[in-house]
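Residue-level structure breakdown
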Amino acid sequence: MTDLAIRADGLTKRYGDEAAVDDLDLAVPAGSVYGFLGPNGAGKTTTMRLLTSLTDPTAGTAEVAGVPVTDRAALTPRIGYLPADPPVFDELTGWEQLRHVARLHGLDDGEADTRIESLLERFDLLADADRRIESYSTGMTKKVGVVAAMLHDPDVLFLDEPTSGLDPRAARTVRDTVADLSAGDATVLLSTHVLPVVDELADTIGVIDDGVLVADGDPENLKSTAREGSAADLETVFMEVTADADAPLPDS
């Protein structure tokens, strides 16, 4: 049986009478890329916050890298998380921000600096590393966030809109990095509105709408569920399954 990097059973988050995530089941194999799609407000970010222990579930259970999401202390070293708006200190330089993150993860300064330099070079940020983040563009700040999320070599990486605000070259670097991480046995849960990125990278795709998982399967099988006469692409599948949240899950 394939080891699971992410497992959720009946995961639910309610705010009053509203369910942001409703009875969610997930089974993401280790070393894979899971593309997580959905309209704005569908529950993608809430799901990520539940799986990274930043939000407590109302019901259900989940494990990431074999650790219950209720055990934040044990979970944090095993995961990396890039929210849509990376948490940075504007008054710090890029180097200082990343050294701060490295120390939070208990990395040795020498080891951390070597890794920081390598990642900054990869994301074309090394020349700007001594500038304050307040002077960075949106794309540069996003790249700092990507580096921070993967700095401690986590087992599972959660990326929320990682290519948003990036120029084409930087977006390509992010896509190549996700592919490299997966090839190196890391697991990536990738949320984005850029469907070609998901089509290129994802081993499995899940579509959430109104807090409910309405489709789950590998890209080619999902495309094959498009209604007769429809173009066999992810956009068609996405439009169809989110237009009718009561439709049954396509076979995966």
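A quick note: this is a predicted structure, and the numbers were derived from the prediction, not measured.

**Topic: the domain arrangement of the chain**
Under the domain assignment used here, the chain contains domain 1 (1-66 + 155-246) and domain 2 (91-152). The gap between the C-alpha centroids of domain 1 and domain 2 is 26 Å. Between domain 1 and domain 2, the contact holds 13 residues from the first and eight residues from the second. Taking both partners together, domain 1 and domain 2 bury about 890 Å²; carbon and sulfur atoms supply 67% of that area.

**Some words on the pairing of strand 4 (residues 59-64)**
As paired elements, strand 1 (residues 4-15) and strand 4 share five bridges and run antiparallel to each other. Among the inter-strand pairings, Thr 12 is bridged to a residue of strand 4, identified as Ala 59. Taken together, the two bridges between strand 4 and strand 5 (residues 67-68) define a ladder with antiparallel strand orientation. Within the sheet, the bridge partner assigned to Val 64 lies in strand 5 and is Val 67. Taking the residues that link successive antiparallel strands as the turn, the strand 4-strand 5 hairpin has two residues, and the phi of Ala 65 there is positive, at about 55°.

**Overview of the environment of Val 237**
Examined against the element boundaries, Val 237 turns out to sit in helix 9 (residues 234-243). For Val 237, a relative accessible area of 2% translates into the label buried. In sequence terms Val 237 and Val 207 are 30 residues apart; their C-alpha atoms lie 9.4 Å from each other. With sequence-adjacent residues up to four places away left out, Val 237 is seen in contact with Leu 222, Lys 223 and Thr 225.

**Looking at unusual backbone geometry**
In this structure, Asp 23 is a non-glycine residue whose phi angle is positive, near 55°. Mapping Asp 23 onto the fold places it in strand 2 (residues 18-29). Positive phi, normally seen in glycine, also occurs at Glu 161, with a value near 55°. Locating Glu 161 in the fold gives a position in the loop between strand 7 (156-160) and helix 6 (168-183).

**Observations regarding the pairing of strand 10 (residues 212-217)**
Along any regular strand, the residues point their side chains to alternate faces of the sheet. In terms of strand pairing, strand 9 (residues 204-209) meets strand 10 through five bridges, oriented antiparallel. The residue of strand 10 that forms the bridge with Val 207 is Ala 215. Linking two consecutive strands that pair antiparallel, namely strand 9 and strand 10, is a turn of two residues; a positive phi of about 55° is found at Asp 210 within it.

**Description of the pattern of salt bridges**
In the structure shown here, the tally under the stated rule is eleven salt bridges. A salt bridge links Arg 122 to Asp 180; the nearest nitrogen and oxygen atoms lie 2.6 Å apart. Of the two residues, Arg 122 is situated in helix 4 (residues 109-122) and Asp 180 in helix 6; the sequence distance between them amounts to 58 residues. A relative accessible area of 36% means that Arg 122 is categorised as partly exposed. When its relative accessible area of 44% is taken as the criterion, Asp 180 is described as partly exposed. Residues participating in the shared-partner salt-bridge network are Arg 172, Arg 175, Asp 176 and Glu 200.

**Description of the side chain of Thr 93**
Within the secondary structure, Thr 93 is located in the loop between strand 6 (79-82) and helix 3 (94-104). Setting aside its immediate chain neighbours within four residues, Thr 93 contacts Ala 129, Asp 130, Arg 131, Arg 132 and Ile 133.

**Structural notes on helix 9**
Buried residues dominate helix 9, accounting for seven of its ten residues. Taken together, the buried positions of helix 9 are occupied by Leu 234, Thr 236, Val 237, Phe 238, Glu 240, Val 241 and Thr 242. At its buried positions, helix 9 is contacted by strand 3 (33-37), helix 7 (195-201), strand 9, strand 10 and helix 8 (219-224).

Rules used throughout
- Residues numbered from 1 in each chain as written.
- Predicted model: local features only at pLDDT ≥ 70, side-chain atom pairs only at ≥ 80, totals over all residues.
- Heavy atoms only, no water.
- Domains from an automatic or database assignment.
- Contact = heavy atoms within 4.5 Å.
- Buried area = accessible area lost by both parts, 1.4 Å probe.
- Pairing = 2+ DSSP bridges.
- Helix = DSSP H or I, 4+ residues; strand = E, 2+ residues; numbered from the N terminus.
- Buried < 20%, exposed > 50% of the residue type's maximum accessible area, 1.4 Å probe, protein only.
- Salt bridge = Lys/Arg side-chain N within 4 Å of Asp/Glu carboxyl O.

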